[in-house]
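Read off the chains here:
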Amino acid sequence: MIEHAFSAAPRPAAVPHAARPAVSTIQQWWVLTVRMITPTLRNGELATQVIGSIVFTVGYYLPLKQLMGAVQPLSSYAQYLTPLIVLQAIWFAAVSAAFRSATDSVQGINRRFRAMPIASLTPLASRMTASMYRCCIALAVSVICGHVIGFRFHEGVLYAAGFVGLALLIGAALAFIGDLIGIATENPEATAPLMLVPQLTLGLASVGLQPVENFPDWIQGFVRNQPLSQWVYGLQALAGDSTDAAPEATWSVLAPGLVWAVGCIVVAVVLHARVSRRRR
Amino acid sequence: MVSSDKAVIVDGIKKSFGEVAALRGVSFEVARGEVLGLLGPNGAGKTTTVNILATLVTPDSGRAVIAGHDVVSDPAGVRRSLMLTGQHVALDDLLTGRENLLMFGRLQGLKKKVARQRAQELLEQFDLVDAADRAVGNYSGGMKRRIDIACGLVVRPEVVFLDEPTTGLDPRSRQAIWELVTDFKEAGIATLLTTQYLEEADLLSDRIIVIDRGTVIAEGTADQLKERTGGTYCEIVPAQPRDIPAMARALGSLLPDTNRATLSEASDRISMPAPDGPKTLMQALHRLSEADIELMDIALRRPSLDEVFLALTGDGVRAGGQDRTDAFEAADAYA
């Protein structure tokens, strides 16, 4: 073995002699998922997520409680408002997903993964798993915030599970869209406005803050049918109310929201495949 | 079947991006333990070539085989055999150096314990122990490049692509990477080196190919390429520049017409081919001293690889289409 005089020089042992081990897709998926989650614990991303949910609750509930609490049909404004807070929190989580996927694209680590023995869908699967982790945090914190201001599940465990399931499905749809925006723009700075502008405009022009009847006639059609409102209806129905005023958890109430969520996922997956193919 | 001593076989690969022909039939081979320098101006097709060999881009036609695996029909086999490291460091900036090494070790199938062991070895070998537990985002350029390459060595590659590995590095880090290339050679790994530094290609490469406008325009050792662009020449500097015309007369048949034609009022020296090396120099010296011309300097020179490169590829302004290829390659590089 040659001894190099230069101290910083890597020794010949830099090149291992052992044969390559076989790779495992499950292990790769897990390693790539942990890679996304580890930094959230120390760079403030997790804290931001938690604080975000609290800020949405305080920011909507306190100022609007008197103003809009009086014109909504449910037993309390907390019961009416919490679905929107949940949706804003999981949307906020999807902004992080967009930022991370854009960062990966621009830093070239995706290129490196593609030249390694890793199945082409594994990095995406890991990003989605990490997104669902953020989504679960956002959902848990915002439901706890809702509970503090007076939100309750009135329809039993099954419907509460349905509430969680619908919220996670919507979270997955938003995360897919976020991931797509990140991949397509390859620009981390551009992802936040692209995600936040629709979040705020759809949030304000939705039935989450006040019933559709309180909007001017000309915009009522949009307010009622846009996805965020349909998701609010679905979540309000699954949470129920102490009165009979909550929407009934029937297919006609739930289906539009489900179709919006599944539709978003299908469109995002197709566009995702197209963006990836464009780069071949 | 592929003969076992060739780690890389490239046979007439072509690739177009829309209207732009990035590669128009590129062929070369790299043996195990050999370093092949890949030179060419920006937009010549170097990055596209590397991307095709790394299975990032599919060729339109032609064949490329890496360590016995075809890039089109067996990309998985290719990916198991190669290490790709680029001028753009591709790591997770949010993770520490050690975490990056662990991640790549685990992605390559190492067990947790082995991956941890290997990470420690590589940190020591690449002189990064002190920085091991800092986020890579805070590393200096040289440290980033070292950890980037270390991440490619968690398991043994058969073929290494070094894409401008020392661009922007300080001399110390550059030296470390040069020594690493020697290690690859000793370990029997084939190395494909693209670089802008011709001195580096000259020093490290066993053979060099020059690509321009999507085709291989020259191939050989650095010496062969130098020979090809004129070989050794003799440079004569008079003490008084006004003696140049008298010198040209005195040299007579030694100075070919083409060299004579390049002389002007502003010339302060004469360059001419020296086909017989020192003998030509002696003859020139003899004739000039007979003509009683006082010299400041007379020497035999070999063209530098830079001159070879300019002679081979230099034809003035690049066509607009080349810049477009560049843009495509840049987009690819980040994909």
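Every chain is numbered independently, its residues counted from 1 as its sequence is written. Lettering for chains starts from A, numbering for ligands starts from 1, and both go in the order in which the items are written. Since the coordinates come from a predicted model, pLDDT governs what is reported: local features require at least 70, and pairs of side-chain atoms require 80 or more to be given and counted, while whole-chain, interface and lining totals use all residues. As a convention, hydrogens and water are excluded, and side-chain values are obtained from all of the structure's heavy atoms.

1. Some details on the confidence of the model for chain B
Residues and elements named next belong to chain B. The criterion, for reference: Each residue carries a pLDDT value, the predictor's own confidence for that position, ranging from 0 to 100. Residues count as neighbours in contact if any of their non-hydrogen atoms are within 4.5 Å of one another.
Overall, the predicted model of chain B reaches an average pLDDT of 84, with 91% of residues at or above 70. Taken as a whole, residues 316-335 scores under 50 in pLDDT and shows 38 contacts with residues more than four places along the chain or in a different chain. Scored as a complex, the prediction yields pTM 0.79 and ipTM 0.83.

2. Comments concerning the sheet that holds strand β9 (residues 207-212) of chain B
All names here are of chain B. For the record, the criterion: Two strands are said to pair when DSSP picks up at least two bridges between them. Only runs of H or I of at least four residues qualify as helices and only runs of E of at least two qualify as strands under DSSP, and these elements are numbered from the N terminus. To get an axis, fit a line to the C-alpha atoms, keeping to the stretch in contact for a helix; angles then go from 0 to 180 degrees between the N-to-C directions.
An order of β6-β7-β8-β3-β9-β10 is seen for the six strands of this open sheet, with the pairing classed as mixed. Since the sheet does not close on itself, it has two edges, and those belong to β6 (82-85) and β10 (215-220), each with one partner. On average, adjacent strands in this sheet sit at an angle of 15 degrees to one another, irrespective of strand direction. Examined bridge by bridge, β6 and strand β7 (residues 159-163) share four bridges and lie parallel to one another. For L84, the partnering residue across the bridge sits in β7 and is F161. Helix-sheet contacts for helix α6 (residues 171-186) involve β3 (35-39), β7 and β8 (190-194), and the interaxial angle to β7 is about 160 degrees. In the packing of helix α12 (residues 305-313) onto the sheet, the strands contacted are β3, β9 and β10, and the crossing angle to β9 comes to about 35 degrees.

3. Notes on the packing of aromatic side chains
The test is simple: The criterion for an aromatic pair is that two Phe, Tyr or Trp rings (for Trp, the six-membered ring) have centres within 6.5 Å, with stacked assigned to planes under 30 degrees apart, edge-to-face to planes over 60 apart and tilted to the rest. Relative accessibility under 20% of the residue-type maximum defines a buried residue, over 50% an exposed one, and the middle range a partly exposed one, all with a 1.4 Å probe and only protein chains included. Put simply, a charge is over a ring when the Lys NZ or the Arg CZ is close to the ring centre, within 6 Å, and near the line of the ring normal, within 35 degrees.
Scanning all chains against the criterion turns up nine aromatic pairs over all chains. Centroid distance F113 of chain A to F104 of chain B: 6.2 Å. Interplanar angle 40 degrees. Geometry classified as tilted. Note that F113 of chain A is positioned in helix α4 (residues 109-114) and F104 of chain B in helix α3 (residues 97-107), a pairing that runs across two chains. The burial state of F113 of chain A is the same as that of F104 of chain B; both residues are buried. The interplanar angle of 80 degrees and the centroid separation of 5.0 Å between the aromatic rings of F153 of chain A and F163 of chain A together place this pair among those described as edge-to-face. One end of the pair, F153 of chain A, is in the loop between α5 (122-149) and α6 (156-185); the other, F163 of chain A, is in helix α6, and ten residues separate them in sequence. Among the residues examined, F153 of chain A registers a relative accessible area of 33% and is labelled partly exposed. Here the aromatic residues F56, Y60 and F92 of chain A are joined through ring pairs into a cluster of three or more. Over the ring of F104 of chain B we find R112 of chain A; its NZ or CZ atom is 4.6 Å from the centre of that ring.

4. Some thoughts on helix α11 (residues 278-290) of chain B
Residue and element names in this part refer to chain B. The cut-off we apply is this: Expected helix span is taken as 1.5 Å per residue step, with the number of steps being one fewer than the number of residues. By construction, the arc corresponds to the directions joining the helix axis to the C-beta atoms.
Its 13 residues place the ends of α11 18 Å apart at the C-alpha level, agreeing with the 18 Å of an ideal helix rising 1.5 Å per residue. Of all the residues in α11, the buried ones are T280, L281, A284 and L288. Taken around the axis of α11, the buried residues stretch over an arc of 100 degrees, which confines them to a single face. Of the exposed residues in α11, the ones pointing more than 90 degrees away from its buried face are P278, K279, M282 and E290. In this structure, the buried side of α11 is in contact with β11 (233-238), α9 (244-251), β12 (270-273) and β13 (295-301).

5. Quick notes on helix α7 (residues 188-204) of chain A
All names here are of chain A. For α7, with 17 residues, the first-to-last C-alpha span of 25 Å sits near the 24 Å given by 1.5 Å per residue. Within α7, the full set of buried residues consists of P188, T191, M195, Q199, L202 and G203. Buried residues along α7 cover an arc of 105 degrees about the axis, so they all sit on one side. Of the residues in α7, the exposed ones pointing more than 90 degrees away from the buried face are E189, V197 and L204. Where the residues of α7 are buried, they touch α2 (45-69), α3 (77-107), α6, α8 (217-225) and α9 (227-239).

6. Quick notes on the confidence of the model for chain A
Taken over all residues, the pLDDT of chain A has a mean of 88, while the share at 70 or more is 94%. Every residue in residues 1-10 of chain A scores below 50 in pLDDT, and together they form 26 contacts with partners more than four places removed in sequence or on other chains.

7. Things to note about the pairing of β10 of chain B
All names here are of chain B. When β9 meets β10, the two strands line up antiparallel, connected through five bridges. Each bridged residue has a counterpart across the sheet, and for V210 the counterpart in β10 is A218. Where β9 hands over to β10, the hairpin turn is made up of two residues, of which R213 adopts a positive phi near 50 degrees.

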